[in-house]
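# Coordinate analysis (summary)
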Amino acid sequence: MENRVIIGGQWGDEGKGKIIDAFGEGFDWVLRYQGGANAGHTIQVGAKEHVLHLIPSGIFREGVRCFLGNGMVIDPWALRDEIVALEEKGVSVRDRLYVSSAASLLMPYHKRLDELREQLRKRKSIGTTGRGIGPAYQDKLQRSGLRLGALTMPLEKLERTAIEHILEANEILAGQFEAEPLPAKVLAEELVVLAQTLRPMIVDGFTALRGIRERRESALFEGAQGTLLDIDHGTFPYVTSSNCTVGGAVTGTGLPPRSLGEIVGVFKAYCTRVGNGPFPTELLAEEGEHLRKLGGEFGATTGRPRRCGWFDLVAGRYTVGVNGLSGAVITKLDVLDTLPTIKVAEAYDLDGERLDDFPVRPDMLPRVRPVLKEIPGWEKPTNKAKKLADLPSPARKYLEYLEKELGVLIVGVSVGKARDEMILTPTGVTT
Ligand code: GDP
Ligand code: IMO
Ligand code: MG
């Protein structure tokens, strides 16, 4: 079974959770490699909907082992809550969840600093999820943060170490923000209790993933966020703090590039963004509101309304190129079922000049206007379709157009939330 990496093709929330669950059967492992509890991956199993923030979406496939890689920033309070909530629903977690000892430990002061830095940015705020992601990665890169491995220290030493780190953070809170200190002793004691719960799951990644490296075990890599939120290749500074693009799967697991296999990008049949920053195809006012209602576009982590717009081929081709995608999956095709006309950005216009390539310079993107192509809608339901031929002809034409213009095979089309509302198209959608 060939390994696969699933990457967000836009600004996150493309439906990666559903696709990972749908593709997850038969893999030995599902691996998260970057980000933290800023992710919100929704999976519908039967009539029940689950939202995962840290635990890989493979957890709903029996027998699949799940791994949280060294590239992640992990809030142990959030991880414990997620494990307990899943177990209460009857999903076994502890015996098949493995956490890299080299993952970064995200502490309560990171969340507080995230909030305060956002307040300081005022009108220029990023619109973060408030989960402490930026400050936790900052501590990692400064080489001052703790790692998950710290939870395996003798408990007294862990308590002392945690207190030291919290007191240091309290100095920053007081000195830079005139903010109240966090209760060091209370939090350190809580961490000691959490350590005892999480310890059995903390492993050395190099050893745990040996079977994948030696090609005896198969792996599905679960990306979080999306290409345009990547710290290096996204719409900086309105991005997250990790590499959501394909390289993150290598550095964030310690597995070599040749273990990646197929690189599949997930794109919505339109586009959304949550948080601030440029969004060339955004629809404002009623048009945007209409698409938001059709797609149920509210954040899975923060509940914020998502900004909605048309599919952006300029950004899409950039995603295909940056990640070297071998395939694409289009999700939420059904959301467009009632629209008489669909639009797609073929290019951008910048001060009267046509741009076919995504401008990486942050001063250009806010000024571009999309060059839109109109495509006839199908005005028929698509969610019962099991194969391409079941789709109305204009819907097939839309997919063929996307495949041609993106320059990558569309290997799957999702037409609803449920696992089986999915058309597999391994040889593409163009007949
Ligand atoms: P992720 O972060 O990429 O995993 O995506 P989210 O879970 O944040 O958001 C995707 C939303 O779309 C979730 O509510 C999914 O249940 C839903 N979804 C996924 N695929 C489809 C689809 O093909 N059709 C419809 N209608 N909803 C879908
Ligand atoms: P999934 O995995 C959509 C956005 C935030 C903000 C920016 C930085 O569900 O696709 P952060 O908290 O990471 O510092 O916020 O990134 N963002 C997401 N948007 N989906 C996500 O994850 C996101 N994770 C972060 O809204 O604009
Ligand atoms: Mg999401």
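This text gives an overview of the structure that appears in the document.

Cut-offs applied
Residues numbered from 1 in each chain as written. Chains lettered and ligands numbered in written order. Predicted model: local features only at pLDDT ≥ 70, side-chain atom pairs only at ≥ 80, totals over all residues. Heavy atoms only, no water. Buried < 20%, exposed > 50% of the residue type's maximum accessible area, 1.4 Å probe, protein only. Helix = DSSP H or I, 4+ residues; strand = E, 2+ residues; numbered from the N terminus. Pairing = 2+ DSSP bridges. Salt bridge = Lys/Arg side-chain N within 4 Å of Asp/Glu carboxyl O. Donors = N, O, S within 2.8 Å, 3.2 Å for Na, K, Ca; no water. Near = heavy atom within 4 Å. Polar contact = N/O pair within 3.5 Å; in protein donor to acceptor, adjacent residues only side chain to side chain. Areas by Shrake-Rupley, 256 points an atom, 1.4 Å probe, with all protein chains shown as cover. Core = buried A, V, L, I, M, F, W, Y, C linked by side-chain atoms within 4.5 Å. Domains from an automatic or database assignment. Nonpolar A, V, L, I, M, F, W, Y, C, P; charged D, E, K, R; others polar. Contact = heavy atoms within 4.5 Å. Phe/Tyr/Trp six-rings, centres within 6.5 Å; stacked < 30°, edge-to-face > 60°.

Attention now goes to the pairing of strand β19 (residues 410-414). Extensive coverage of β19 is indicated by the burial of five of its five residues. Note that strand β15 (residues 327-331) and β19 share three bridges and pair parallel. For A328, the partnering residue across the bridge sits in β19 and is I410. Where β19 meets strand β20 (residues 422-424), three bridges bridge the pair, whose relative direction is antiparallel.

Let us look at the pattern of salt bridges. One pass over the structure, following the stated rule, counts 26 salt bridges. Here E405 ties to K404 by a salt bridge, and the two come within 3.4 Å at their closest N and O atoms. Taking the relative accessible area as the measure of exposure, E405 reaches 24% and is therefore partly exposed. Here the salt bridges do not stand alone but share partners, grouping D13, K268, E297, R306 and K332 into one network.

With omega at 5°, the peptide bond leading from F236 into P237 counts as cis. With respect to the secondary-structure elements, P237 resides in the loop between β10 (219-222) and α9 (247-251). The backbone of E178 sits at a positive phi, close to 50°, despite the residue not being glycine. Residue placement: E178 occurs in the loop between α5 (155-177) and α6 (184-198).

Moving on to the coordination of the magnesium ion (ligand 3). Listed as protein donors to the magnesium ion (ligand 3) are D13 (OD) and G40 (O); their distances from the metal cover 2.0 to 2.2 Å. Pair noted here: D13 is in the loop between β1 (4-8) and α1 (16-23) and G40 is in the loop between β2 (29-32) and β3 (41-45), with a separation of 27 residues, a long-range link. Under the relative-accessibility criterion, D13 is labelled partly exposed at 22%.

The ten strands are arranged β9-β7-β5-β2-β10-β1-β11-β15-β19-β20 in an open sheet whose pairing can be described as mixed. Pairing within the sheet leaves two strands with one partner each, and these edge strands are β9 (202-203) and β20. Note: β2 against strand β5 (residues 65-68), four bridges, orientation parallel. In the sheet register, V30 faces β5, and the bridge partner there is C66.

Once that is clear, we can look at the pairing of strand β7 (residues 97-100). Of the strand pairs in this sheet, β5 and β7 are connected by three bridges, and their pairing is parallel. Bridged to F67 within β7 is Y98. Across two bridges, the pairing between β7 and β9 is parallel. Within the sheet, the bridge partner assigned to S100 lies in β9 and is V203.

Ligand 2 sits among 20 residues. The nearest are D13, K16, H41, T129 and T240. One of the side-chain nitrogen or oxygen atoms of N38 is found 2.9 Å away from an oxygen atom of ligand 2. The contact in question runs from an oxygen atom of ligand 2 to an N or O atom on the backbone of G40, over 2.9 Å. In isolation ligand 2 exposes 560 Å². Once the protein is present, 98% of that is buried.

With that out of the way, let us pick up the nonpolar core. Within the largest apolar cluster, 52 residues are counted, with the highest numbers of intra-cluster contacts made by L31, F221, F311, L333, L336, L391 and Y398. Ranked by residues supplied to this core, first place goes to helix α12 (residues 393-406) with six residues. No fewer than three residues from each of domain 1 (4-101 + 202-263) and domain 3 (266-424) sit in this core. Core analysis: the second largest hydrophobic core is formed by 48 residues, L68, V91, M107 and L151 among them.

Neighbouring ligand 1 are 18 residues; K16, G17, T42, D334 and S414 lie closest to it. The backbone of E14 places a nitrogen or oxygen atom 3.1 Å from an oxygen atom of ligand 1. Take G15: an N or O atom from its main chain is 2.8 Å from an oxygen atom of ligand 1. The protein chains hide 93% of the 590 Å² of surface that ligand 1 would expose on its own. Secondary structure elements with two or more residues in the shell around ligand 1: α1 and β3. Looking at which element gives the most residues to the shell around ligand 1, the answer is α1, with three residues. Of the residues in the shell around ligand 1, the class split is three nonpolar, seven polar and eight charged. For the shell around ligand 1, the domains that each give at least three residues are domain 1 (4-101 + 202-263) and domain 3 (266-424).

The next subject is the environment of V274. If you trace the backbone, V274 turns up in the loop between β12 (271-273) and α10 (285-295). Residues V274 and P183, spaced 91 residues apart in sequence, show a C-alpha to C-alpha distance of 32 Å. Once residues lying within four places of it in the same chain are set aside, the contact partners of V274 are D13, R304, P305 and R306.

Next up on the list: the packing of aromatic side chains. Applying the stated criterion across every chain yields a total of eight aromatic pairs. For the pair W11 and F279, a centre-to-centre distance of 5.2 Å together with 55° between the ring planes defines the contact as tilted. Of this pair, W11 sits in the loop between β1 and α1 while F279 is found in the loop between β12 and α10, placing the two residues 268 residues apart along the sequence. Of the residues examined, F279 reaches a relative accessible area of 7% and is grouped as buried. Arranged with centres 6.4 Å apart and planes meeting at 90°, the rings of W29 and F67 form a pair that is edge-to-face. Of the two residues, W29 sits in strand β2 while F67 sits in strand β5, which places them 38 residues apart along the sequence. The same class applies to W29 as to F67, namely buried. In textbook terms, an aromatic cluster arises when at least three aromatic residues are bridged by ring pairs, as seen for W29, F67 and Y98.

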